[in-house]
Amino acid sequence: MNAVWRRVVWRTSACALIALMGAVAGMAAADAGPSPTSPTMPVQTVPLEFKDVPFAFFHVGIQVAERAAPFEKEPATKSKNVLRGTLEWGKSGSATNPPAFLWDRGAGRLYVDQNGNLDLTDDPAGCFVCASGRGSSYQTFTNVHVPIATKAGVRSTALDLSLYGGFGSPLYAFAGIRSLWLGKATFDGREWQVGIFDSPSEQGAGGASRRLLLRPWAEREQSFQVGDGAASVFTFATNVFVNGRAYKLVATSTGARGQGGINLEFKEHQRALGELRLDGQFIQRLALEGPSGLVLLDQPGSAAKVPLGRYTVESVRLRQGGVEAIRTSPTTAAGVAVSETGSGALAVGGPLTNSVSINRRGRTLVFNYQLLGAGGETYRLYRPGQARQPPEFAIFRGETKIWSDRFEFG
């Protein structure tokens, strides 16, 4: 064998020898299994179901196409104070036929063509009684179901629908949406509620505007609002970093269109990380956005590892004991950069400082109150599902309180 091998070596060119060595190395790698430097990353598939929630989380105005002539079939009404029309969602519409309605303003009733056949008498659940404003020109109807297009087909969507105007003035509609795609994901043993929502009013040029709901499962019963700053709802990103791991997000429709659901895949992948130093306290959740995607830090402490890049603060939520606060102003216009060579620093969070400036306007004192954080950003107290508590004040002479009261709106 040695003689044969020597003849092969000496009679083989340098290129052939390199190729031979590469082939031998490849066979050895195949025998040893996958390379430890490029492991197969896990994928978590979260099935989402279209569900109603008991609160409106997104509010939007709806264009109304008024109709003068009666529908071919419509319920009998005693009042002459009746308005008719269709709800137009964005430039492309929300369904094959925009939802038609009849508003009996005198009786405080709304009839919706839920099956899209322009017959307002054959929809068993299509009649709604106003929750407020009966007999007036502004009436609100709760839990109104109308067909609206989603990525998985047309779905019956719950709305809190307000109608106003008509009879010589334009007819307007304003909706609070109460349906979205929801599911449960698990990251490193912790359960999270995830969801996606496409605004039906933004389905014109550029496509629908998609939002991502991502919050601990323990908060699933709390109400939320798109844009409320509570670090629960974000612009949908294909790259998400949560619980110290990076994921690529892919949403796909399942089953027959209009009957199936949506699968949201979290594909874990490797990202180069750097250190972010947080010069503040009591951070319950911090969301950062940048060209590389969304970074969500839950109870991060004084420092956290995040993917390299430049970020701006999307939202901040603080908690101390049973009291929570959310940021209401930008922290820094320039944001923060995280690199391999050094720590990025971000001044955000507590302790919070009460700040009041007082200006005299004639015989009136004008109080300008701000709750300031570590970076000079402003906050407000956060009570999900509860009305805002009126601000209070107290006046002290030295250590003695001589007066206290609360403000009223007016």
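Located above this text is the structure these notes cover.
Just so it is clear, the structure is predicted and the values come from calculations on it, not from any experiment. Note on numbering: residues in each chain are counted from 1, in written sequence order. Per-residue local features are limited, in this predicted model, to residues with pLDDT of at least 70; the limit for side-chain atom pairs, both in listing and counting, is 80 or more; totals at the level of whole chains, interfaces and linings are taken over all residues. Only hydrogens and water are set aside; all other atoms, that is, all heavy atoms of the structure, feed into the side-chain values.

Asker: Help me out: how do you make sense of the pairing of strand 11 (residues 190-198) in this one?
Answerer: Taken residue by residue, a regular strand's side chains alternate between the two faces of the sheet. Here strand 11 lies mainly inside the structure; seven of its nine residues are buried. Here strand 10 (residues 179-187) pairs with strand 11 via seven bridges, running antiparallel. When the sheet's bridge partners are listed, L182 is paired in strand 11 with G195. Paired strands are those between which DSSP finds at least two bridges. Secondary structure is summarised from DSSP: a helix means a run of H or I of at least four residues, a strand means a run of E of at least two, and numbering begins at the N terminus for each. Hairpin connection of strand 10 to strand 11: two residues between the antiparallel strands, including D188 at a positive phi of 55 degrees. Buried, partly exposed and exposed residues are distinguished by accessible area as a fraction of the type maximum, computed with a 1.4 Å probe on protein chains only: under 20%, between the cut-offs, and over 50%, respectively.

Asker: Would you mind showing me how to read the sheet that holds strand 17 (residues 273-278) here?
Answerer: Sheet strands pair by backbone hydrogen bonding; their relative direction is either parallel or antiparallel. Spatial strand order, 20-17-24: three strands in an open sheet with mixed pairing. Edge positions in the open sheet fall to strand 20 (303-307) and strand 24 (344-346), since each of these has one partner strand only. On average, adjacent strands in this sheet sit at an angle of 35 degrees to one another, irrespective of strand direction. With three bridges joining them, strand 17 and strand 24 adopt parallel strand pairing. Within strand 24, the residue paired with L278 across the bridge is L346. Note on geometry: axes are lines fitted to C-alpha atoms, helical ones only across the stretch in contact, with angles between N-to-C directions running from 0 to 180 degrees.

Asker: Hey, could you run me through the nonpolar core in this one?
Answerer: One recurring pattern in soluble globular proteins is that nonpolar side chains are buried together. We define the nonpolar core as a collection of buried residues of types Ala, Val, Leu, Ile, Met, Phe, Trp, Tyr and Cys that are connected through side-chain atoms lying within 4.5 Å of one another. Judged by nonpolar contacts, the single largest core of 33 residues is most densely connected at F57, W89, L110 and L161. Among the secondary structure elements, those contributing two or more residues to this core are strand 2 (58-67), strand 3 (82-88), strand 4 (100-104), strand 5 (109-112), strand 7 (138-150), strand 8 (153-165), strand 9 (171-177) and strand 10. Any two residues whose heavy atoms approach within 4.5 Å at even a single point are treated as in contact. Setting aside chain neighbours within four positions, we find L110 in contact with F101, L102, W103, G126, C127, F128, F141, V144, L161 and L163. In this structure, L48, W192, A237 and F266 belong to the second largest nonpolar core, which totals 24 residues.

Asker: What is the right way to read the pairing of strand 7 from this model?
Answerer: Here strand 7 lies mainly inside the structure; 10 of its 13 residues are buried. Of the pairings in the sheet, the one linking strand 7 to strand 8 comprises 11 bridges and is antiparallel in character. The residue bridging T140 from the neighbouring strand is S162, located in strand 8. Hairpin connection, strand 7 to strand 8: the antiparallel pair is bridged by two residues.

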